[in-house]
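Breakdown of the fold
Read off the chains here:
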Amino acid sequence: MYKERVNHYHSTSRFKYISIGKRLLYIFFGASLAAISLQLFMVKNHVIDGGIVGISIILSQISNIEIGLFLLLLNTPFLFLGYSYLGKRFITLSLFAILILSFGSHLLEPYQALTDNPLLVIIFGGVFLGLGIGIVIRYGGSLDGTEVLAILFSKRSFFTIGQIVLFINFFIFGCSIFIFGVKEAIFSLATFFIAYKTIDLTINK
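Cut-off values and rules
Residues numbered from 1 in each chain as written. Predicted model: local features only at pLDDT ≥ 70, side-chain atom pairs only at ≥ 80, totals over all residues. Heavy atoms only, no water. Helix = DSSP H or I, 4+ residues; strand = E, 2+ residues; numbered from the N terminus. Buried < 20%, exposed > 50% of the residue type's maximum accessible area, 1.4 Å probe, protein only. Areas by Shrake-Rupley, 256 points an atom, 1.4 Å probe, with all protein chains shown as cover. Core = buried A, V, L, I, M, F, W, Y, C linked by side-chain atoms within 4.5 Å. Contact = heavy atoms within 4.5 Å. Axes fitted to C-alpha atoms, helices over the stretch in contact; angles between N-to-C directions. Left-handed = near helix turned anticlockwise from the far one by under 90°. Nonpolar A, V, L, I, M, F, W, Y, C, P; charged D, E, K, R; others polar. Expected span 1.5 Å × (residues − 1). Patch = residues over 30% accessible without salt bridge, like charges linked within 9 Å, V, L, I, M, F, W, Y side chains within 5 Å. Salt bridge = Lys/Arg side-chain N within 4 Å of Asp/Glu carboxyl O. Phe/Tyr/Trp six-rings, centres within 6.5 Å; stacked < 30°, edge-to-face > 60°. Parallel < 35°, antiparallel > 145°, perpendicular 65-115°, else oblique.

Let us now look at the overall build of the protein. Scanning the protein from terminus to terminus reveals ten helices and zero strands. Sequence-ordered secondary structure for the protein, helices as α and strands as β, is α-α-α-α-α-α-α-α-α-α. The buried share among the 205 residues of the protein stands at 50%. When the accessible area of the protein is evaluated, it comes to approximately 10,400 Å², of which 71% is carbon and sulfur surface.

Next up, the structure:
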């Protein structure tokens, strides 16, 4: 689960021979891929992801405020909350990734989606998002504060990290039905599945 991924990918030994500059470059690339997926495939087709990204898309739709602002505002408190457990390095790299994601989403906001074909949106949106998130995790950061929250709650409850993340995402996708419709919620679940399969392939490579 995510806790084990954090311990493995953020360990000192793993990055002993990887410069901070190289790590920042890869994280920049990963966060940029995630921004491309969100703005050029998913958001304008009413397809959402789980976690903070999904909540940000829903709030953006309701308020007509850019998604990038919500990504920054909603993620940052969770990262500071997890500072003592996950460490300064993880928090710093995650903040950098979230800033790139937010800024990238802002830059791409005026552009239309590259396609409105549901199959292409699901495949390319899911793969680009999963690859972006996977690269960020692989090089020591995170793009989603709900995973930090799940880690902290799991230490104080009988639920596992995976169960908490699943519950949060179940609630988010349930809400999306009332905002976007049943069809869009199904597309979102399909995209979510592809994204997380891509994450697993990316970080376990």
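Moving on from the coordinates now.
The next point concerns the nonpolar core. Within the largest apolar cluster, 48 residues are counted, with the highest numbers of intra-cluster contacts made by Leu38, Ile48, Ile57, Leu101 and Leu143. Elements with a contribution of two residues or more to this core: helix H2 (20–42), helix H3 (51–63), helix H4 (67–81), helix H6 (88–108), helix H7 (118–138), helix H8 (145–154), helix H9 (161–180) and helix H10 (182–203). Here leucine 143 is in contact with Ala31, Ala34, Asn75, Ala97, Ile98, Leu101, Ile133 and Val136, once residues within four sequence places are set aside.

Further remarks concern the packing of H7 against H10. At a minimum axis separation of 7 Å, H7 and H10 run at an interaxial angle of 35 degrees. Judged by the twist between their axes, the crossing of H7 over H10 is right-handed. Taken together, the residues that form the contact of H7 with H10 break down as 15 nonpolar, seven polar and one charged.

Time to look at H6. An ideal rise of 1.5 Å per residue puts 30 Å on 21 residues; H6 measures up with 30 Å between its terminal C-alpha atoms. When H6 is considered as a whole, its buried residues turn out to be Phe90, Ile91, Leu93, Ser94, Ala97, Ile98, Ile100, Leu101, Ser102, Gly104, Ser105 and Leu108.

This part covers a nonpolar patch on the surface. A contiguous nonpolar patch, built from Leu59, Ile62, Ile177, Phe178, Ile179, Val182 and Ile186 and spanning about 680 Å² of accessible area, is present on the exposed surface. Secondary-structure elements contributing two or more residues to the nonpolar patch are H3, H9 and H10. Broken down by element, the residue count for the nonpolar patch peaks at three residues, all from H9. Take isoleucine 62: it is sitting in helix H3. A relative accessible area of 55% means that isoleucine 62 is categorised as exposed.

Within a pair of aromatic rings, the relevant descriptors are the distance that separates the centres and the angle that separates the planes. Counting across every chain of the model gives six aromatic pairs. For the pair phenylalanine 41 and phenylalanine 124, a centre-to-centre distance of 6.0 Å together with 20 degrees between the ring planes defines the contact as stacked. Taken as a pair, phenylalanine 41 in helix H2 and phenylalanine 124 in helix H7 lie far apart in primary sequence, 83 residues in all. Given the relative accessible area of 6%, phenylalanine 41 is considered buried.

Attention shifts here to the environment of serine 56. Within the fold, serine 56 resides in helix H3. In contact with serine 56, not counting residues within four places along its chain, are Ile67, Phe70, Leu71 and Leu74.

On to the packing of H2 against H7. Following both chains from N to C, one finds H2 and H7 inclined at 160 degrees, their axes separated by 7 Å at the closest point. Classed by the angle they form, the pair H2 and H7 counts as roughly antiparallel. At the point where H2 passes H7, the crossing takes the left-handed sense. Together, Tyr26, Ile27, Phe29, Gly30, Ala31, Leu33, Ala34, Ile36, Ser37, Phe41 and Met42 of H2 and Leu120, Val121, Phe124, Gly125, Phe128, Leu129, Leu131, Gly132, Ile135 and Val136 of H7 make up the contact between the two elements. Grouping the constituent residues of the contact of H2 with H7 by class yields 17 nonpolar, four polar and no charged.

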